[in-house]
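Given next are the chains, with one letter for each unit.
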Amino acid sequence: MKFYSFSKIFWLTGILVIFSSCFKDLDTVPTDKDELTSAAVYENPANYKKVLARLYAGLSVTGQQGPAGQPDISGIDEGFGGYIRMLWCLQELSTDEAVIGWNDATIKDLHEQDWSADDGFNYACYSRIFYQVAICNEFLRETTDAKLDSRNVDANLRSEIKTYRAEARFLRALSYYHALDLYRTVPFVTEEDQVGSFFPEQISAVDLYNWLETEIKAFDVDLAAPRSNEYGRADQAAAWMLLAKLYLNANVYVGKDAYADAATYSKKVIDAGYELETNYPNLFLADNHKSKEIIFPVTFDGVHTRSYAGMTFLVHAPVGGSMAPSDFGIDGGWGGLRTTSAIVNKYPAPGSGGSIIVAPNQGNTGYPVLNVPGSYQGWDPELATTVVSSPNSDDKYEGYFWFEADTKFKFALGGWATNWGDVGADGTLELNGDDIAVAEAGFYKINVDLAALTYTLLKTDWGLIGSATADGWDSDQNMTYDAAENAWTITADLVAGEIKFRANDDWPINYGDDGANAILEAGGANIAIPANGTYLIKLYLDSPDHTYYIEKFASESDNRYQFYSNGQTLEIADISQFTEGYAVAKYKNVTSTGAVGSDLTFVDTDFPMFRLADAYLMYAEALLRSGGSQGDALAAVNTVRTRAYGGQTGAINSDDLTLDFLLDERARELLWEGHRRTDLVRFGKFTNDSYLWPWKGGVAEGVSVDDCRNVYPIPSQDLNANNKLKQNSDCY
C-alpha cells in the first residue's frame, strides 16, 4: 500500500523565517477550518505520522491542494515547480539523455548549458530543496524529548516517533545531498538553529560533505530494517544507498578518494534483501509499487497524490507524434521530451547482437547479359539495371525480377540496335518485336534462349523448407519479398538441421549450396542450420550467381531499449520539432497486466529514486576505481546485464569492463531516472570536449563548455536577499 496520507498543514512557527532568503512570503495563516497550525497539530498523537507523510509528500506534491492551488512556495508555477520535475530537468535536460521542444522561459538553456543565476528552473529546484530542509527541521524541533514530555506522549508512540525522526533526517539529508551535488556550497540550517529572523550561514562543500557523512551514519540505526518499512518510506538500505552515492562522488565534491567506502555501502545495499525485477519494463509502470527492486520511491497516485510536476510530467511529456496516448494510459500527450542519437546508439538495435552464419557471396559479375528495358524504368536500355545473364555463355539467359502489374518490357543487347519483343504474345522472340506485357504484379523468373528465340515468364513465391523448419520437409515456411533490399526474407525459429529454398511450394525450382560457399545451385545440396535458435534468412536472386544470408539472432536482446521511432528521426536538426529525435517510451500509466491507472491525467506510476540495479553498478564502479576485486565488479555488472538480456548473451568479459563501459551501462540501465548529469560530471565528460553529444553547448554537433558549468549557480534571488552568501562559480 502506498504511503501518502497527510493532513493539510501550514507551518507557522517560523520554519520559513529561517529561510527568509529563499522564501520571503510564506508566513501565512490558515483560512480553511481543515488546515491546522503547528501549535495545534502535535497535540493529537495521530498527527505525527500524518506530518511525516507530509514530509514525504514534499517530494511529489506542490501545495496544500492538489494538483494546484494553495502552493507551498508562491511565485513558482506549480505545474513545473515540483521537486522531482525540477530535479529531473536539471539532471537530464543538461545532458545527452533529454531534449525538450518547448519554449517555456529558459528551459532550452539547460540543454544548451548556458543558464544564468537568474534562471527560473534553477531557482525552482533550489527553492524546493530548501523548502524540504525547512519542513524536516521543523518536524525535528517539534519531536524532541522535551516537546514529547510536555505533551505527555506515551512510550509506544515515542518508539514510533524515534523512527519517524530518523526518516525526517533521511529526507533532510537527501535534500542536502542534492544541494551538494548541484550547488556545492549553500546556506545551512538544522533543527538546532532557533526559529527567528536571521540569514543562514553558507556552508562549504567540505563541511557539508562531512556533516552528511556523520549525519547519515547517526540516524541509519534508527531506521527500519531493510524491506520492513511501509512502501514509500525510507529504511536502512535507503540510507546506505545515499551514503554510497556520497562516497562515490566524493572526489568531485571535496577531492577525496572514498571509493572503497562506496563499495562497502553499495554491497550492504546489495545484501539487504532487495531483488532485481525480473521484467525490466515493469519498474516504470503504474503498479511498480509491487517491485522488490525499488529501494526508495517517490510515490504518486492518480487520486490521492495529484501533481502536474512529478510523474504526470514524465508520462505525458514524452508522448507525441504518432504515439497513441492510450498505449500510455493517459488522455493525451504533451509532445515535448525526446532523447539524442548519442543515447540511442549506446543500445544494440532490437534483434541485433547475434552471429552471421552465412554472408552473401557476390559471385561472378562478368557473365554475358541481356538488358531488360521497359516502362518501369523509362525504356532506356543504357540505364537498365535489370538484366538476365548467361552463366555458361551459351545463349541461355536467366534472371529474377519484381514487376508491377501492366509492366511492359523488351530484351536488348546493349542499346536499341539489337532488341527483341514478342509479336503475338506466343513466347517467341522477334527482332524489334512488340512489347512484352506482365499483367499481374509479382516476382518473375525469366528464361531466354536466344538460339531458339524463345522466352518464359513464371511468377514465383518463395519459401524455406527442411528438417530445421517447423514442418520439416512436408511444407514450406513462406518468405516475404522486401522490395527495398530486393530479397526474399524470413525470420523463423529453427532447430539444428538442414534447409533449402524452393518456389511455389514445389520441387521443380529449388536451390541448395553444393560448395557451402553461399553460391546457390539449382537442386543443390542441403544447407546446414547449426543450432536451435531464431534466424534471419535472406534469399538474393537478383544477381547472376544467386546467394543468401543467414544470421542467428542473439537468443536475447536488451529489453532496456524502449525508444519510439515510428515517424521520428534519429537525429535532431530542430529541437522544437517533436518528431526529430526518438521518443522514450519508458514511463507509462498502465500496469504490468495492461490495466489503465486510476486516472487518465494524473498517474499512479512512482518515481524510482533508488533501486537495486543502481547499487550493483555503483559497486562495480567503486571496485574498479579503488582497485578492488575485478571479479566481483564483473559479476555485479553481469547480474544487471543478465536481467536486461534475459540470459547470458549480454554478459561481458573482464576486457570489456572499463570506466567508459560503466558510464554507458549506467546510461542504458538508468535512462531518465535523474542520474545522468551527476554521472557525466564524475566521469569528467559533462563540460569538456572529451564527450560531445547533439546540441551540447547549443550547437548541433556539440561543443565543449567551461568546466564551471559542473555546478549550477546559487540563484540571484537568494544572493540578493542574504548578504552572507557568495556565488559558487566564476561562471555566474
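On a predicted model such as this, the values are computed, not experimentally measured, just so you know.

## Some details on the sheet that holds strand E22 (residues 487-494)
- Pairing is antiparallel in the open sheet, where five strands are placed in the order E8-E28-E27-E22-E21. Strand pairing shows two members of the sheet lacking a second neighbour, strand E8 (355-358) and strand E21 (480-482), which therefore form its edges. On average, each strand axis in the sheet is tilted by 30° relative to the strand beside it, whichever way the strands run.
- Here seven bridges tie E22 to strand E27 (residues 533-540), and the two strands are oriented antiparallel to one another. Paired with Thr491 across the two strands is Leu536, which belongs to E27.

## Details of the nonpolar core
- Ranked by internal contacts, the top residues of the largest apolar core, which has 155 residues, are Trp88, Phe296 and Phe607.
- By residue number, the principal contributor to this core is helix H8 (residues 155-183), which donates 15 residues.
- Setting aside chain neighbours within four positions, we find Phe607 in contact with Ile84, Trp88, Phe296, Pro297, Val298, Phe300, Met311, Leu314, Tyr587, Trp672 and Glu673.
- Formed by 27 residues, the second largest nonpolar core is a distinct cluster that contains Trp462, Tyr481, Trp488 and Ala503.

## Regarding the confidence of the model for the chain
- The predicted model of the chain averages 91 in pLDDT, with 93% of residues at 70 or higher.
- Counted against residues more than four places away or in other chains, residues 4-35, with its pLDDT under 50, gives 95 contacts.

## Regarding the state of the cysteines
- In this structure the tally under the stated criterion is one disulfide.
- Each sulfur in the disulfide pair Cys708 and Cys731 lies 1.5 Å from the other. Taking the sign of the torsion about the S-S bond as the criterion, the disulfide between Cys708 and Cys731, at about 50°, is right-handed. Remark: Cys731 occurs in the segment after helix H19 (716-721) and Cys708 occurs in the loop between helix H18 (676-682) and H19; sequence separation between them is 23 residues.
- Note on Cys708: relative accessible area 17%, which makes it buried.
- Accessibility expressed as a relative area gives 25% for Cys731, which makes it partly exposed.
- The structure places no disulfide on Cys89, whose sulfur is separated from the nearest cysteine sulfur, that of Cys125, by 8.9 Å.
- Owing to a relative accessible area of 2%, Cys125 belongs among the buried residues under this scheme.

## Structural notes on the pattern of salt bridges
- One pass over the structure, following the stated rule, counts 44 salt bridges.
- Taking the shortest distance from any N to any O, the salt bridge between Asp145 and Arg158 comes out at 4.0 Å. Placement of Asp145 in helix H7 (residues 145-150) and of Arg158 in helix H8 is noted, with a sequence separation of 13 residues between them.
- Judged by its relative accessible area of 23%, Arg158 falls in the partly exposed class.
- One salt bridge connects Glu167 with Arg233, and the closest N-O pair in it is separated by 2.6 Å. Placement of Glu167 in helix H8 and of Arg233 in the loop between helix H9 (205-219) and helix H10 (236-248) is noted, with a sequence separation of 66 residues between them.
- Classification of Glu167 by relative accessible area gives buried; the value is 0%.
- The class for Arg233 is buried, based on a relative accessible area of 8%.
- The network of salt bridges with common partners includes Glu293, Asp558, Arg560, Lys586, Arg611, Arg641, Arg643, Glu665, Arg668, Glu669 and Glu673.

## Considering the packing of helix H16 (residues 630-645) against helix H17 (residues 659-669)
- At a closest axis distance of 12 Å, the pairing of H16 and H17 adopts a crossing angle of 35°. Along this stretch, H16 crosses H17, giving a crossing that reads as left-handed. Judged by residue contacts, Val637, Val640, Arg641 and Arg643 of H16 engage Phe661, Leu662, Glu665, Arg668 and Glu669 from H17.
- Looking at the contact of H16 with H17 residue by residue, the class counts come to four nonpolar, no polar and five charged.

## Details of the environment of Thr340
- Tracing the backbone through its elements, the reader meets Thr340 in the loop between strand E7 (337-338) and helix H14 (341-344).
- With relative accessibility at 1%, the residue Thr340 sits in the buried group.
- Sequence separation of Thr340 and Leu612 is 272 residues, and the distance between their C-alpha atoms is 26 Å.
- If we ignore the near neighbours within four places in the chain, the residues touching Thr340 are Asp96, Val99, His111 and Pro694.

## Some details on the packing of aromatic side chains
- Under the definition given, this model contains 41 aromatic pairs.
- For the ring pair Phe401 and Phe403, a centre distance of 5.9 Å and an interplane angle of 50° mean the geometry is tilted. The pair Phe401 / Phe403 is uniform in exposure class, with both members buried.
- Ring plane angle 20° and centroid distance 5.7 Å describe the contact between Trp462 and Tyr511, whose orientation is recorded as stacked. A residue pair is termed long-range when its members are at least 10 positions apart, and Trp462 in strand E19 (residues 462-465) and Tyr511 in strand E24 (residues 510-512) qualify at 49 residues. Take Trp462 and Tyr511: they sit in the same class, and that class is buried.
- An aromatic cluster of at least three residues, connected via ring pairs, comprises Tyr376, Phe401, Phe403, Phe409, Phe411, Tyr444 and Tyr455.
- Over the ring of Phe683 we find Arg625, and its NZ or CZ is 4.6 Å from the ring centre.

Conventions we followed
- Residues numbered from 1 in each chain as written.
- Predicted model: local features only at pLDDT ≥ 70, side-chain atom pairs only at ≥ 80, totals over all residues.
- Heavy atoms only, no water.
- Pairing = 2+ DSSP bridges.
- Helix = DSSP H or I, 4+ residues; strand = E, 2+ residues; numbered from the N terminus.
- Axes fitted to C-alpha atoms, helices over the stretch in contact; angles between N-to-C directions.
- Core = buried A, V, L, I, M, F, W, Y, C linked by side-chain atoms within 4.5 Å.
- Buried < 20%, exposed > 50% of the residue type's maximum accessible area, 1.4 Å probe, protein only.
- Contact = heavy atoms within 4.5 Å.
- pLDDT = per-residue confidence, 0-100.
- Disulfide = S-S within 2.5 Å.
- Salt bridge = Lys/Arg side-chain N within 4 Å of Asp/Glu carboxyl O.
- Left-handed = near helix turned anticlockwise from the far one by under 90°.
- Nonpolar A, V, L, I, M, F, W, Y, C, P; charged D, E, K, R; others polar.
- Phe/Tyr/Trp six-rings, centres within 6.5 Å; stacked < 30°, edge-to-face > 60°.
- Lys NZ or Arg CZ within 6 Å of the ring centre and 35° of its normal.

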